[in-house]
Amino acid sequence: MYLNKIYYSNGIYGVQKAAEVYFGKDDLNDLTLEEAALLAGMPQRPNAYNPIENPDLAEQRRNTVLDLMVRHEKITEEEAEEAKNVAVEDMIQENYESELKYSAFIETVYDEAESLIDDDDMNLYTAGLTIHTTLDPNAQEHVEHLLSDEGPIDHPEGQEAAVVAMDTTTGEVLAIGGGRNKDDFRGFNFATDSNRGPGSAIKPIVSFGPAIEQNEFSTYHQYNDSQSEAYYSWDGEGEQSFRNFGDSYNGWVTMRESLYRSLNVPAVQNVRDEIDRAEAGEFARSLGISSIENSVAESYPIGGVNDIQTNPYEMAGAFAAFGNEGVYNEPHTIKMIEFRDGQTMEVDRQGEPVMSDYTAYMISDMLKDTIAHHNGTASGLNFGGLPVAAKTGTNENMDSWLVGYTTNYTVSVWNGFPSNDEGGVQSRTRPLFQSMMEHISNGVDTSDFSRPDSVVKVDIERGSRPAMLPSEFTPDDQIVTELFVRGNEPSDTSDEYDMVEPAESLNLNFDEEEQIIEASWSHPGSEDRDIEFQLTISENGSEIDQNDLSDFDYTFTDVELGETYTFEVVAYDADNDENRSDPISESIDIPDEESDFWEDFFGEDEDEEEPPEEDEPGEGSGDGDGNDNGNGDGNDNGQGDGNEEDNGEGDEEDDDDEAEEEPIDEDDDDFSTDPPEDPEDEEQEE
């Protein structure tokens, strides 16, 4: 046995180095009996007998070695008992700090090497391997600083946290934060060893991703987010109700809003009603979520601890595929292994397409709104112009998640209590995520996600179901831009905001006896709208009354004689009163109470002619069909052409031209006069 190659846990090789680290002694001759027995017993199970992490097991193992030394007569029983009386915890030097840097990352490297080499007879710690890794020391040191007590984040007492940073396009892991103040080697690694419920962070993986992949849904796809839809079936045992966060519901919502607001009802609707659940399970497994062994259950989108268990390492790999145009790369820390004999193992990492490019792009575009939209669940983050897609998640107040990515890097963050059954977590995922993403992206050109040819951007009229194109009348604030799989974009144009046709045939009638104005109108109608009317009445140009009506007539009773009234009718959509027609209007003059109706009827002074001045030649004219009307030249001479007596042609005295008017009965309701005689009868009489 080569003592300088024996592994003593915490990244320590060799018995002399172990004596220095654990006991502070450079010379092995200075070791006490109990110290020598402890070091002699560790190589069998170095991590299990780690005196810092497992002092009780280490003490049991040390005492076993002391008993064996007594049996083989190397020491006396008295010496053994004296050594046993020294507690292991008292043997370890104070303020011990492991000299092994980046312990969480190196642990993962060893685990990966074991799976790659697959040789039970090889001891990785003594095989003399040279392993080339994907480690970014700058990123690793930053994540360890963020998780330490000296870092900028105020971590709640008793809570743990873990972070994984990786290359989005290759799957190369750059840094691993395995826990708070973690400096032990082979201790529990919360980034890789934990099994935690992902909460809503799993929604793109088990619900919205499969819905787009299977059905080519658009980002505008509509869901009824209502309490009546808040249920799922559980293992054939009937329906189980659930609720949205905050116990609020939003009516009809798009897929985009459902995802960036992390609404539970639409996510469950996908699995319950829209997708093949077995295919969805395969979709999740292809993204590295190993705990989903069969079909996706209807409850999975809510992400409870008993449904799915995962860790930041797995989640980083899954989300990176969305940012890598649908190509999944298994997260890895090893590039190449060199063996002692000179042989090398090049690690072949081939990405695997696991979804359509349109699915990856549409999920990424929607997840950008998790941060960018003011209602997004991570809206408090601010990356300036850095295009970041992200998804949050909480699990029954025990786990908090934030997983996000750019085209360059993916960062997966978890925090919570060490135990799965302890709630009341105070989330620190946002500051951890922001600081880590900003740090690794600093000074690196980051392009936005590239829209593939399979996806088209289309302006849609907000609220249309199914999706419809906006018309020329659609207000700008009612137009949204959404993504469609090419070939599935809408072609019909909405008429929701088309201008309403105006009313027609506005008639006004004044009833003198009732002293009212009766207004009536018509309208061509609309097959898909309920049309109502706004009637505005003005008196002498000043508005005095306004009414909303569904009828086609109206009676105005507050009439004042001698005034002028204007009636204006505007048609509008009863469901959208901003959609209004052009107005039509009519006016009516109401006669004054003291006016002579008949003078108004016939015209003032119609019967009277002003005689010409005496001795002066004059020229008079008059046109009409009636009494004593004619045309003539000279003094008091006229030439007439009429329908009454004494009308004819010739020069006659005016005195002879006067004809008697037939009296009119003013009580006659018809206001009629006797009809004139037929001109042909006059000729016969002549």
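Because the structure is a prediction, the values reported are computed rather than measured.

Visitor: Let's hear about the overall build of the chain: which residues, and what values?
Guide: A tally of regular secondary structure across the chain gives 17 helices and 27 strands. Summed over all atoms, the accessible surface of the chain reaches about 36500 Å², with 38% contributed by carbon and sulfur.

Visitor: I'd love a proper account of the packing of aromatic side chains, names of residues and values included.
Guide: If you walk through the whole model with that rule in mind, you get 13 aromatic pairs. Measuring from ring centre to ring centre gives 6.2 Å for F208 and Y223, while their planes differ by 90°; the resulting arrangement is edge-to-face. Placement of the pair is F208 in helix α8 (residues 203–215) and Y223 in strand β4 (residues 222–225), with a sequence separation of 15 residues. On the accessibility criterion, F208 (0% relative accessible area) is buried. Consider the rings of F556 and F567, whose centres lie 6.1 Å apart with planes at 85°: the pair is edge-to-face. In this pair, F556 is assigned in strand β21 (residues 553–556) and F567 in strand β22 (residues 564–573), connecting sequence segments eleven residues apart.

Visitor: Explain the pattern of salt bridges to me, and be specific about the residues and the numbers.
Guide: Within the structure shown, the criterion is met by 18 salt bridges. Among the ionic pairs, K84 bridges to D67, the shortest N-O distance being 2.5 Å. Here K84, found in helix α4 (residues 77–84), pairs with D67, found in helix α3 (residues 55–71); they are 17 residues apart in sequence, far enough to count as distant. Its relative accessible area of 38% is what places D67 among the partly exposed residues. Note that D273 and R272 form a salt bridge whose closest N and O atoms lie 2.9 Å from each other. One salt-bridge network, held together by shared partners, links R256, D365, D369 and E482.

Visitor: Give me the lowdown on the sheet that holds strand β14 (residues 409–416), citing residues and values where you can.
Guide: Sheet architecture is open: five strands sit in the order β3-β2-β14-β13-β12, paired in antiparallel fashion. Only two strands of the sheet have a single neighbouring strand rather than two, namely β3 (173–177) and β12 (389–395). Put simply, the sheet's adjacent strands are angled 5° from each other on average, direction ignored. Here strand β2 (residues 160–167) pairs with β3 via four bridges, running antiparallel.

Visitor: I'd like a rundown of the nonpolar core, residues and numbers included.
Guide: Ranked by size, the top nonpolar core spans 76 residues in total, and within it I205, V206, L287, M315 and I363 carry the most contacts. A per-element tally of this core places helix α12 (residues 312–323) first, with eight residues. Ignoring anything within four residues of it in the chain, the contact list for I205 reads P210, F283, A284, L287, I289, M315, A318, F319 and F322. Core analysis: the second largest hydrophobic core is formed by 25 residues, A165, I371, A378 and F383 among them.

Visitor: So what's going on with the layout of surface pockets? Which residues, and what values?
Guide: Here the second largest pocket is characterised by a volume of approximately 1100 Å³. Lining the second largest pocket are 40 residues, with S200, F245, N264, T394 and N395 positioned closest to its centre. Where the lining of the second largest pocket is concerned, the elements lending two or more residues are β12, β13 (399–405) and α14 (429–441). Examining the composition of the lining of the second largest pocket, we find that five residues originate from one element, β12, more than from any other.

Visitor: Just give me the short version of the sheet that holds strand β1 (residues 130–133), but keep the residues and values in it.
Guide: Strand order in the open sheet formed by three strands is β1-β9-β10, with antiparallel pairing between adjacent strands. Where the open sheet ends on each side, the last strands, each with one partner, are β1 and β10 (344–346). In this sheet, neighbouring strand axes are inclined to one another by 15° on average, regardless of whether the strands run parallel or antiparallel. Sheet topology places β1 next to strand β9 (residues 334–338); four bridges connect them, and they run antiparallel. Paired with I131 across the two strands is I337, which belongs to β9. Strands β1, β9 and β10 of the sheet are contacted by helix α6 (residues 103–117), whose axis makes an angle of about 65° with β9.

Visitor: A description of helix α10 (residues 264–274) should follow, citing residues and the corresponding values.
Guide: Extensive coverage of α10 is indicated by the burial of nine of its eleven residues. Here α10 has its buried residues at N264, V265, P266, A267, V268, Q269, N270, V271 and R272. Close packing links the buried residues of α10 with α8, β4, β5 (231–233), β7 (251–254), α9 (255–260) and α11 (277–286).

Visitor: Describe in detail the environment of G342, supporting the description with residues and values.
Guide: Mapped onto the secondary structure, G342 falls in the loop between β9 and β10. Here the alpha-carbon distance between G342 and T130, two residues 212 residues apart in the chain, equals 10.0 Å.

Visitor: Give me the packing of helix α1 (residues 15–23) against helix α2 (residues 33–41): which residues, what numbers.
Guide: Following both chains from N to C, one finds α1 and α2 inclined at 125°, their axes separated by 11 Å at the closest point. The orientation of α1 relative to α2 falls into the category oblique. Note on packing geometry: the crossing formed by α1 with α2 is right-handed. Each of V15, A18, A19, Y22 and F23 in α1 lies in contact with α2, whose residues at this interface are E35, L38 and L39. Looking at the contact of α1 with α2 residue by residue, the classes come out as seven nonpolar, no polar and one charged.

Visitor: Quick rundown of α6? Include the residues and the values.
Guide: With 15 residues, α6 extends 21 Å between its outermost C-alpha atoms, agreeing within 8% with the 21 Å of an ideal straight helix rising 1.5 Å per residue. Buried within α6 are the following residues: S103, A104, F105, E107, T108, V109, Y110, E112, A113 and I117. Following α6 by one or two positions, D118 has its phi on the positive side, about 50°.

Reading the values: the criteria
- Residues numbered from 1 in each chain as written.
- Predicted model: local features only at pLDDT ≥ 70, side-chain atom pairs only at ≥ 80, totals over all residues.
- Heavy atoms only, no water.
- Helix = DSSP H or I, 4+ residues; strand = E, 2+ residues; numbered from the N terminus.
- Areas by Shrake-Rupley, 256 points an atom, 1.4 Å probe, with all protein chains shown as cover.
- Phe/Tyr/Trp six-rings, centres within 6.5 Å; stacked < 30°, edge-to-face > 60°.
- Buried < 20%, exposed > 50% of the residue type's maximum accessible area, 1.4 Å probe, protein only.
- Salt bridge = Lys/Arg side-chain N within 4 Å of Asp/Glu carboxyl O.
- Pairing = 2+ DSSP bridges.
- Axes fitted to C-alpha atoms, helices over the stretch in contact; angles between N-to-C directions.
- Core = buried A, V, L, I, M, F, W, Y, C linked by side-chain atoms within 4.5 Å.
- Contact = heavy atoms within 4.5 Å.
- 1 Å grid on protein atoms, 1.4 Å probe; cavity = no way out; pocket = protein on both sides within 12 Å on 5 of 7 lines; lining within 4 Å.
- Points joined across faces, edges and corners; volume = space filled by probe spheres on them.
- Parallel < 35°, antiparallel > 145°, perpendicular 65-115°, else oblique.
- Left-handed = near helix turned anticlockwise from the far one by under 90°.
- Nonpolar A, V, L, I, M, F, W, Y, C, P; charged D, E, K, R; others polar.
- Expected span 1.5 Å × (residues − 1).

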